[in-house]
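Architecture and fold: a report
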Amino acid sequence: MFVTSCRDLKPENVLLDETGHIRLADFGLSKDEVVDDRSAMTFCGTPEYLAPEMLLNRKSRRGYGKSVDWWSLGTLAFEMMTGWPPFYHKNLRQMCRDILEADLRFPSSCHASAEARNMIQGACSVVCR
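Residues numbered from 1 in each chain as written. Predicted model: local features only at pLDDT ≥ 70, side-chain atom pairs only at ≥ 80, totals over all residues. Heavy atoms only, no water.

Moving on, we get to the overall build of the chain. In terms of helices and strands, the chain carries 4 helices and 4 strands. Starting at the N terminus and ending at the C terminus, the chain contains elements arranged as β-β-β-β-α-α-α-α. In terms of C-alpha radius of gyration, the chain reaches 15 Å, essentially the compact-globule figure of 14 Å for 129 residues. Structurally, the chain occupies a C-alpha span of about 40 × 40 × 25 Å along its principal axes. Burial statistics for the chain: of 129 residues in total, 38% are counted as buried. Looking at the chain alone, contacts between residues at least 24 apart form 59% of all its contacts between residues at least 6 apart. Surface exposure of the chain reaches about 8,100 Å², of which carbon and sulfur atoms provide 54%. (Helix = DSSP H or I, 4+ residues; strand = E, 2+ residues; numbered from the N terminus. Rg over C-alpha atoms; globule rule 2.2 N^0.38 Å. Buried < 20%, exposed > 50% of the residue type's maximum accessible area, 1.4 Å probe, protein only. Contact = heavy atoms within 4.5 Å. Areas by Shrake-Rupley, 256 points an atom, 1.4 Å probe, with all protein chains shown as cover.)

The next point concerns the environment of Cys124. Turning to its location among the elements, Cys124 is positioned in the segment after α4 (114-123). Residues in contact with Cys124, not counting those within four places in the same chain, are Trp71, Gly74, Thr75 and Leu104.

Okay, structure coming up:
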């Protein structure tokens, strides 16, 4: 089975073609053959969209899988609904700490449907917390 993990899904890498269809771009950080939850080892990506598994792997070196892409999809959807990534902080250390420890909270100004919130919560749910 040939499975690729994008590892850098963010607004800048989501494009629309001439017919309005979504196209993903910039696969420079992608990894082929990610077949389990330990297939990838490299610490890479954009801080605002890094999954907890990626941050934890930086110290443990146990690896991670394609779940990092689901996390990034959830953070991307959150940003589309609210205007900001869910754990954004000017201080990089604090942002990483929040990604690992903070609960996902929607601002009161977010009027996303229950279904959209559930999808985002599901994408950003992490077993390793």
